[in-house]
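A look at the structure
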Amino acid sequence: QVQLVESGGGLVQAGGSLRLSCAASGRTSMGWFRQAPGKEREFVAAISWSGGSTYYTGSVKGRFTISRDNAKNTVYLQMNSLKPEDTAVYYCAAGSVTDTPATYNSWGQGTQVTVSS
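Heads up: these notes are all about the structure in this document. As a convention, each chain's residues are numbered from 1 in the sequence order in which they are written. Per-residue local features are limited, in this predicted model, to residues with pLDDT of at least 70; the limit for side-chain atom pairs, both in listing and counting, is 80 or more; totals at the level of whole chains, interfaces and linings are taken over all residues. To get the side-chain values, all heavy atoms of the structure are used, and hydrogens and water are removed first.

Focus on the overall build of the protein
Of regular secondary structure, the protein possesses zero helices and 11 strands. Written out in order from the N terminus, the α and β elements of the protein read β-β-β-β-β-β-β-β-β-β-β. Computation of the radius of gyration draws on C-alpha atoms alone. For the globule rule, the value is 2.2 Å times the number of residues to the power 0.38. Scaling as 2.2 N^0.38, a compact globule of 117 residues should have a C-alpha radius of gyration of about 13 Å, and the protein matches this with 13 Å. Summary of the burial criterion: residues with accessible area below 20% of their type's maximum are buried, those above 50% are exposed, and those between are partly exposed, where the area comes from a 1.4 Å probe applied to protein chains only. Across the 117 residues in the protein, those meeting the buried criterion constitute 44%. Any two residues whose heavy atoms approach within 4.5 Å are treated as being in contact. Across the protein, contacts joining residues at least 24 apart in sequence account for 54% of those joining residues at least 6 apart. By definition, any uninterrupted DSSP run of H or I lasting at least four residues is a helix, any uninterrupted run of E lasting at least two residues is a strand, and each is numbered from the N terminus.

Structure below.
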């Protein structure tokens, strides 16, 4: 299994930006999910093995960008124009590009993103 280490979460005001990073032990398709208190884990974005295809949930399109540096086996989630409803624990996951958590075979430890109003 691919090992994943996330970084980059924090506290930011509404309208601000954060960049999350996920360093992987191997090269694979990857996704980002988030989970707010009391809610189910939600798909945010995914990127293919090559980086040639990206996918987003509707609520983040135009605000978030997923990218990867294959030389570093690292995937990024650039989050701009953040809103309080983006507050959640963000997880990176490896092995798929779908919006279904069960299709991914490895998960990071999660990083907290808090957006204040």
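Comments concerning the side chain of Glu6
By the secondary structure assignment, Glu6 is in strand β1 (residues 4–7). By the counting scheme adopted, Arg and Lys are positive, Glu and Asp are negative, and His together with the chain ends is not counted. Each reported salt bridge corresponds to a side-chain nitrogen of Lys or Arg within 4 Å of a carboxyl oxygen of Asp or Glu. As a buried residue without a salt bridge, Glu6 has its nearest oppositely charged side chain in Arg41, at a separation of 7.8 Å. Reaching out from Glu6, the side chain makes a polar contact with the backbone nitrogen of Cys92 at a distance of 2.7 Å. In protein, a polar contact means a hydrogen-donor-capable atom and an acceptor-capable atom, both N or O and within 3.5 Å, with residues adjacent in sequence counting only if both atoms are side-chain atoms; elsewhere, any N or O pair within 3.5 Å suffices.

Brief notes about the pairing of β1
Every other side chain in a regular strand lies on the same face of the sheet, so the side chains alternate between the two faces. What you see with β1 is a clean split: Leu4 and Glu6 sit on the buried side and Val5 and Ser7 on the side with no burial. Any two strands with at least two DSSP-identified bridges between them are counted as paired. Two elements, β1 and strand β3 (residues 18–24), share four bridges in a ladder whose sense is antiparallel. Considered in β3, the bridge of Ser7 is made with Ser21.

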